[in-house]
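Inside the fold
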Amino acid sequence: MSQEIEITGLNKSFGQGAAAFHALSAIDLTIATGEFFTLLGPSGCGKTTLLRIIAGFEEPSTGALRINGKEVTGLGPDKRPINTVFQSYALFPHMSVAQNIGFGLKMLRKPKSEIKATVAEMLQLVRMEAMADRLPSEISGGQQQRVALARALAPRPRVLLLDEPLSALDLKLRKEMQSELKRLQTETGITFVFVTHDQEEALTMSDRIAVMSAGEILQLGPPQEIYNAPVNRFVADFIGDTNFLSLRVKAIKAGEAVLELPGGKQASARLPASISPSVGSRVTAVIRPEQAEPTPAGQGEMQAIVESATFFGTDTHLHLLLDDAQGFVLRRQNRPDQPSPAPGTNLGLTFAPGALRVLED
Amino acid sequence: MGCAVAKARFSINRLPGFGLIAVATFVMLYLPIIILVVFSFNAGVSQSHWDGFSLRWYQAAFNNSQVRDVSLRSLWLAVTAASFATILATLAALGTTRVGRFPGQTMIYALINQPLMVPEIVTGIALLIFVAAIKVQTGYTGMGYLVAAHTAFCIPFAYLPIRARLETLDHALEAAAADLYASPIQAFRYITLPLMVPGILAGFMLGFVISLDTVVITEFVKSAGQDTLPTYMLGQLRRAVTPEMNAIATLFLALSLMIVTAFFFITRTRGR
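Residues numbered from 1 in each chain as written. Chains lettered and ligands numbered in written order. Predicted model: local features only at pLDDT ≥ 70, side-chain atom pairs only at ≥ 80, totals over all residues. Heavy atoms only, no water.

To continue, consider the side chain of Ser54 of chain B. All names here are of chain B. Looking at where Ser54 falls in the secondary structure, it is placed in the loop between helix 2 (18–39) and helix 3 (56–63). Among the polar contacts listed, one links the side chain of Ser54 to the backbone nitrogen of Arg56, at a separation of 2.8 Å. With near-sequence residues (within four places) excluded, Ser54 lies in contact with Ser40, Phe41, Asn42 and Ala43. (Helix = DSSP H or I, 4+ residues; strand = E, 2+ residues; numbered from the N terminus. Polar contact = N/O pair within 3.5 Å; in protein donor to acceptor, adjacent residues only side chain to side chain. Contact = heavy atoms within 4.5 Å.)

Quick look at the structure:
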């Protein structure tokens, strides 16, 4: 696969001297052609700044940015083969839906007939044919979202940037637009760079995810890898729900740590290369709520007592108290023949090898 | 329940005397004007005794060549000054809202709005001295002084609505235009300018009305034979008040009302 975007040694600070704010530090990133790439992180992590630098609205303080092999730092947004779907949509309020979609092509001085044909094609692509002559103020939020997408896709950019485009939509519409976006990306083959703070959105749509915090990329990989093998506590906490356990190291052998579980049993977990705890010290370990299973009391690796249960429709979250008083959440699929245990019930917990992971703090 | 909550909330129009003050204020505002308009249709010369309906004073006003001259001069001056003021105010508004913050921004904002704060009589006297000196030096006594003075005086009035309009414009719109391959000039031509139009029209109309209305500035700056409608009326009132003045004032009022109404509709329909 060819490289669409190459970012090397990119830094961005705002302000001068001691008051300077480092929005991005030492970003190295390669995004492949046709990839659905997501920048994921909490607000203020620098993901939007990175997007604005790719679009050309901000210049990096240092570092290089190549698009399709061509250095673009110093080029304005109107000189880059990139279009953006803005968080606020930024539809031109005085232009009809069709005029909005055709604006980029008009600026590129395409012939009128071509503009007309592309606008019609884009309207069809986002299923807005009936709304061509409406003003943005006369259509719903979800429809505005589609128009913003069509407008950005119409000039057939090499890269489409999406800045939290779904955050203003309600849950049902958001789900709908998620699959719509995925469909559009597959159909057009355009490289999508998607910015979001919604981890579920990132997991369901992306080919690869970069998890960002405080101006740095903490982890870069496919959704499964990010979810199953988070590199540190922040990533584990940010992506999905996780039980954090503080466990004592009993022994270390061949990259694995033998840990003492609450209640005294032992389990081994692979150690990440970045940490080397000493025997007897405590480390942070995680187990995802759905990767543990309840067993009858007395069996399993750990013993717990049910504190409370929260019903979520498809599953129930059991809030447990382990032997050493650490909390643990267990996600249990609801089945009509298996009622969830009442508060006060004793039960055991078991988990598959590999579910227990040691993390860098 | 909801009703009880609403009743318990403080509301100024429930205070004793509120209605009385409101009525008195409106009477004070509009009764003199209503009387002026009514007596412009009086058949007699009295301002206090009704002698029957007549349009004779309107006829007299229309046949008065002086009234025609000063009215046309007023309109010409208002259109010219408001046009210049609107162009300059538009540039000023762009310069103060479409760029990053710069040192002295608040200072410039204050300077642009200076004529709103300086008493008009002070500006008038200052202009009188200033213009007199130039007249002596150059010998030029044309309308240029009035155009320049009215333009400068109208700029802040034109500036306020234009700036207000620009401030509500999302910067993302211009970013979106640039993102869609518009050069900065194209982004201005196709996005910023069309969206500014309601503000620009409002600015122009405010400037126009202000120029049409000002007595003090004109009185101190004009040369001989450059009376505008307000200064002419003021001069006439020093002699005798005939209902002809009422008729002229009523027409003037009608023109102002039409402009304000047009202003309201333009800003309302274009303002979305």
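Structure shown, so let's carry the discussion forward.
Most of helix 1 (residues 47–55) of chain A sits inside the fold, with seven of its nine residues counted as buried. A positive phi of about 105 degrees marks Gly56 of chain A, the residue just after helix 1 of chain A. (Buried < 20%, exposed > 50% of the residue type's maximum accessible area, 1.4 Å probe, protein only.)

Often, the extent of an interface is quoted as the loss of accessible area upon association of its parts. Facing the 19 residues of chain B at the interface are 26 residues of chain A. Regarding the contact of chain B and chain A, the summed buried area is about 1900 Å², with carbon and sulfur atoms giving 68% of it. Across the chain B-chain A interface, the total number found is zero salt bridges. Counting across the chain B and chain A interface gives six residue pairs in polar contact (both at pLDDT 80 or more). Elements supplying a minimum of two residues to the side of chain B that touches chain A: helix 9 (171–179) and helix 10 (184–213) of chain B. With seven residues, the single largest contributor to the side of chain B that touches chain A is helix 9 of chain B. Here the residues of the side of chain B that touches chain A are counted per class, giving 14 nonpolar, two polar and three charged. (Buried area = accessible area lost by both parts, 1.4 Å probe. Salt bridge = Lys/Arg side-chain N within 4 Å of Asp/Glu carboxyl O. Nonpolar A, V, L, I, M, F, W, Y, C, P; charged D, E, K, R; others polar.)

So, on to the packing of helix 2 (residues 97–107) of chain A against helix 3 (residues 112–125) of chain A. Residue and element names in this part refer to chain A. At a minimum axis separation of 9 Å, helix 2 and helix 3 run at an interaxial angle of 125 degrees. Accordingly, the angle class assigned to the pair helix 2 and helix 3 is oblique. Once helix 2 is placed against helix 3, the crossing between them reads as right-handed. From helix 2, Val97, Ala98, Ile101, Gly102, Leu105 and Lys106 reach across to helix 3, where they touch Ile115, Thr118, Val119, Met122 and Leu123. (Axes fitted to C-alpha atoms, helices over the stretch in contact; angles between N-to-C directions. Parallel < 35°, antiparallel > 145°, perpendicular 65-115°, else oblique. Left-handed = near helix turned anticlockwise from the far one by under 90°.)

Now for the pattern of salt bridges. Applying the stated criterion to the full structure yields 21 salt bridges over all chains. A salt bridge links Glu35 of chain A to Arg208 of chain A; the shortest N-O distance between them is 2.5 Å. A residue pair is termed long-range when its members are at least 10 positions apart, and Glu35 of chain A in the loop between strand 2 (21–32) and strand 3 (36–40) and Arg208 of chain A in strand 9 (residues 208–213) qualify at 173 residues. Its relative accessible area of 22% is what places Arg208 of chain A among the partly exposed residues. Ionic pairing is found between Lys222 of chain B and Asp227 of chain B, a salt bridge with its closest N-O pair at 3.5 Å. Because the salt bridges share partners, they merge into one network encompassing Arg127, Arg146, Glu176, Glu180, Arg183 and Glu187 of chain A.

For the rest of this paragraph, the subject is the nonpolar core. Ile5, Ile7, Leu39, Leu50, Phe92 and Phe103 of chain A are the most contacted members of the largest nonpolar core, which has 71 residues in total. Considering every element that reaches this core, the biggest residue donor is helix 8 (residues 144–168) of chain B, with 12 residues. Residues within four places of Ile5 of chain A in sequence aside, it is in contact with Leu29, Thr30, Ile31, Ile54, Leu65, Arg66, Ile67, Val159 and Val193 of chain A. Core analysis: the second largest hydrophobic core is formed by 35 residues, Phe36, Val97, Val126 and Met128 of chain A among them. (Core = buried A, V, L, I, M, F, W, Y, C linked by side-chain atoms within 4.5 Å.)

Residue and element names in this part refer to chain A. The strand order across the open sheet formed by five strands is 13-12-11-14-20, and the pairing between neighbours is antiparallel. Both edges of this open sheet fall to strand 13 (266–270) and strand 20 (357–359), since each of them pairs with a single strand only. For this sheet the average axis-to-axis angle between neighbouring strands, irrespective of direction, equals 50 degrees. Sheet topology note: the strand 12 (residues 256–260)/strand 13 ladder contains five bridges and is antiparallel. Bridging across to strand 13, Glu256 finds its partner in Arg270. (Pairing = 2+ DSSP bridges.)

With that out of the way, let us pick up the confidence of the model for chain B. Here chain B averages 87 in pLDDT, while 95% of its residues score no lower than 70. In the predicted structure, residues 1–5 of chain B sits below a pLDDT of 50 and forms zero contacts with residues beyond four places in sequence or in another chain. (pLDDT = per-residue confidence, 0-100.)

Mapping Arg14 of chain B onto the fold places it in the loop between helix 1 (2–8) and helix 2. Taking the C-alpha atoms as reference, Arg14 of chain B lies 59 Å from Ile134 of chain B; in sequence the two are 120 residues apart.

All names here are of chain A. The domain architecture assigned to chain A consists of domain 1 (3–237) and domain 2 (241–359). Taking only C-alpha atoms, the centre of domain 1 and the centre of domain 2 are 38 Å apart. Summing both partners gives a buried area of about 840 Å² for domain 1 against domain 2, and 48% of it is carried by carbon and sulfur. Of all residues in domain 1, the largest losses of buried area upon contact with domain 2 belong to Tyr227, Arg233 and Ala236, amounting jointly to 58% of the total for that side. Summed over the shared surface of domain 1 and domain 2, the number is five residue pairs in polar contact (both at pLDDT 80 or more). Broken down by secondary-structure element, the contributors of at least two residues to the side of domain 1 that touches domain 2 are helix 7 (223–228) and helix 8 (233–238). Split into classes, the residues belonging to the side of domain 1 that touches domain 2 amount to six nonpolar, two polar and two charged. (Domains from an automatic or database assignment.)

A few words on the domain arrangement of chain B. All names here are of chain B. Looking at chain B, the domain boundaries give domain 1 (16–54) and domain 2 (66–270). Distance between the C-alpha centres of domain 1 and domain 2: 31 Å. At the junction of the two partners, domain 1 supplies nine residues and domain 2 supplies eight residues. For the domain 1 and domain 2 pair, buried surface summed over both sides reaches about 650 Å², with 63% attributable to carbon and sulfur atoms. When the buried area of domain 1 at its contact with domain 2 is split by residue, Leu36, Ser40 and Gln47 rank highest and sum to 62% of it. Where domain 1 packs against domain 2, one counts zero salt bridges. By residue class, the composition of the side of domain 1 that touches domain 2 is five nonpolar, four polar and no charged.

The subject of this paragraph is the environment of Gly344 of chain A. Residue and element names in this part refer to chain A. Assignment of secondary structure puts Gly344 in the loop between strand 18 (327–333) and strand 19 (346–351). According to the relative accessible area criterion, Gly344 is partly exposed, its value standing at 42%. Residues Gly344 and Val306, 38 residues apart in the sequence, show an inter-C-alpha distance of 5.2 Å. Filtering out sequence-adjacent residues up to four positions away, Gly344 remains in contact with Ile305 and Val306.

All names here are of chain A. A positive phi is found at Ala26, a non-glycine position, where the angle reads about 45 degrees. Mapped onto the elements, Ala26 comes out in strand 2. Given the relative accessible area of 53%, Ala26 is considered exposed.

Residue and element names in this part refer to chain A. Every second residue of strand 18 is oriented toward a common face, the buried set being Phe328, Leu330 and Arg332 and the non-buried set Gly327, Val329, Arg331 and Gln333. As judged from the seven bridges shared by strand 17 (residues 315–322) and strand 18, these two strands associate in the antiparallel manner. Within strand 18, the position partnered with Leu318 by the bridge is Leu330. Linking strand 17 to strand 18, which pair antiparallel, is a turn of four residues; within it Ala325 sits at a positive phi near 75 degrees.

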